[in-house]
Amino acid sequence: MGRKCLSVILAAMMAFTVSAALAKTVEPEGSWNAVMAGLTVHATVGEYNEITGTFEVTMYEPDQFAAEAVEGLAAGDVLLADGRAYTVREMTKAPDGEPMALTEDGMEIIFDRNEDGYSARYSDDDRQCMHAFRQLHLAPSPIIIYEDNSDPDLDAEVKVTEGLEEILKIKAEKEENSIGFDFYATTVTLSENLQIMKIHQDFDVAQ
């Protein structure tokens, strides 16, 4: 191999190395990826696609309302909570003194005060009102685990299952006999590169 040819190859290798070092991740504006990495969020874990090796994951966050908006609610107003539009029939107080909206279709939504305003929950089952904010197709981590804390017995031990194959079996069984991996009772923990490291499930009144 001549010196000139060798020089060309070395120059190409150096250019590739510099290019790789300068490589960056490009995301759409408003992307949640940066803040989602490494976090635990409520999510519905949907279909697993064997071709792409990813789960369809719909992520949810609790509804949060400004204090003045809740305290100004009145009959006839429309309240958007839990991803649904409710017409307020009457505003009253819950037993604990917090504001409560009685809706035209018979729902009772209690507002709990916090440092940022109010969160909301249903009076009949204390389910927190949430809304979907993003749907992603995410791969499982090679060391993915599933934690089953859905036993209503508070003294029951959490059951831990390791590995995608076994978790898919549990998922199929729960979808057939229960609520599946539904966001009310399910959270996912993501790695820094947005792989699913852990699926955790608590008890839910609908299971």
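Up top you'll find the structure we're talking about.
Residues numbered from 1 in each chain as written. Predicted model: local features only at pLDDT ≥ 70, side-chain atom pairs only at ≥ 80, totals over all residues. Heavy atoms only, no water.

Novice: Looking at this model, I keep getting lost on helix H4 (residues 164-177). Mind explaining?
Specialist: Because an α-helix completes one turn every 3.6 residues, residues spaced three or four positions apart along the sequence face the same direction. In a regular helix each residue adds 1.5 Å, so 14 residues correspond to 20 Å; H4 covers 20 Å between its end C-alpha atoms and thus fits that length. All of the buried residues along H4 are Ile-167, Ile-170, Lys-171 and Lys-174. One side of H4 holds all its buried residues, which, seen down the axis, span an arc of 105°. H4 presents Glu-165, Glu-176 and Asn-177 as exposed residues on the side facing more than 90 degrees away from its buried surface. Where H4 is buried, its residues meet strand S1 (40-49), strand S2 (54-62), strand S9 (140-149), strand S10 (159-162) and strand S12 (196-202). (Helix = DSSP H or I, 4+ residues; strand = E, 2+ residues; numbered from the N terminus. Expected span 1.5 Å × (residues − 1). Buried < 20%, exposed > 50% of the residue type's maximum accessible area, 1.4 Å probe, protein only. Arc of directions from axis to C-beta. Contact = heavy atoms within 4.5 Å.)

Novice: When you look at the layout of surface pockets in this model, what are you seeing that I'm missing?
Specialist: One number sums up the size of the largest pocket: a volume of about 190 Å³. Lining the largest pocket are His-42, Asp-125, Arg-127, Gln-128, Met-130, Tyr-184, Ala-185, Asp-202, Phe-203, Asp-204 and Val-205. Residue classes in the lining of the largest pocket are distributed as five nonpolar, two polar and four charged. The space that makes up the second largest pocket amounts to roughly 150 Å³. As for the second largest pocket, its lining consists of 14 residues, of which Asp-82, Arg-84, Tyr-122, Phe-183 and Tyr-184 are closest to the centre. (1 Å grid on protein atoms, 1.4 Å probe; cavity = no way out; pocket = protein on both sides within 12 Å on 5 of 7 lines; lining within 4 Å. Points joined across faces, edges and corners; volume = space filled by probe spheres on them. Nonpolar A, V, L, I, M, F, W, Y, C, P; charged D, E, K, R; others polar.)

Novice: Help me out: how do you make sense of the sheet that holds S1 in this one?
Specialist: Read from one edge to the other, the open sheet built from seven strands follows the order S8-S2-S1-S11-S12-S9-S10, with strand pairing classed as mixed. Two strands lie at the open edges of the sheet, namely strand S8 (130-138) and S10, each paired on one side alone. Taken pair by pair, the neighbouring strands of this sheet meet at an average axis angle of 30°, ignoring direction. With six bridges joining them, S9 and S12 adopt parallel strand pairing. Across the sheet, the residue bridging to Pro-140 is Ile-196, located in S12. Strands S1, S2, S9, S10 and S12 of the sheet are contacted by H4, whose axis makes an angle of about 40° with S9. (Pairing = 2+ DSSP bridges. Axes fitted to C-alpha atoms, helices over the stretch in contact; angles between N-to-C directions.)

Novice: What should I look at first to understand the sheet that holds strand S3 (residues 78-81) in this one?
Specialist: If you walk across this open sheet you meet the five strands as S3-S4-S5-S6-S7, and the pairing is antiparallel. Bordering the open sheet on either side are S3 and strand S7 (117-122), each of which pairs with just one other strand. Across the sheet, the mean angle separating the axes of adjacent strands is 45° when strand polarity is ignored. As judged from the four bridges shared by S3 and strand S4 (residues 84-93), these two strands associate in the antiparallel manner. Of the residues in S4, the one forming a bridge with Leu-79 is Tyr-86.

Novice: What am I meant to see in the nonpolar core here?
Specialist: Nonpolar side chains tend toward joint burial in soluble globular proteins. Core analysis: the biggest nonpolar cluster contains 22 residues, and Met-59, Leu-138, Val-188, Leu-190, Ile-196 and Ile-199 have the highest contact counts within it. Counting residues per element, the ones that place at least two in this core are S1, S2, S8, S9, H4, strand S11 (186-190) and S12. The element contributing the most residues to this core is S1, with four residues. With residues near it in sequence (within four places) discarded, Met-59 still touches Met-36, Val-41, His-42, Ala-43, His-131, Ala-132, Phe-133, Arg-134, Leu-136, Leu-138 and Leu-190. Among the nonpolar cores identified, the runner-up in size contains 19 residues, and Val-70, Leu-73, Phe-111 and Met-130 belong to it. (Core = buried A, V, L, I, M, F, W, Y, C linked by side-chain atoms within 4.5 Å.)

Novice: Looking at this structure, I do not really get the packing of aromatic side chains. What am I missing?
Specialist: Applying the stated criterion to the full structure yields six aromatic pairs. With a centroid separation of 5.1 Å and 25° between ring planes, the pair formed by Tyr-146 and Phe-181 is classed as stacked. Of this pair, Tyr-146 sits in strand S9 while Phe-181 sits in the loop between H4 and S11, and the two are 35 residues apart along the sequence. Each ring, one from Phe-183 and one from Tyr-184, has its centre 4.4 Å from the other, and the planes form 25°; the classification is stacked. (Phe/Tyr/Trp six-rings, centres within 6.5 Å; stacked < 30°, edge-to-face > 60°.)

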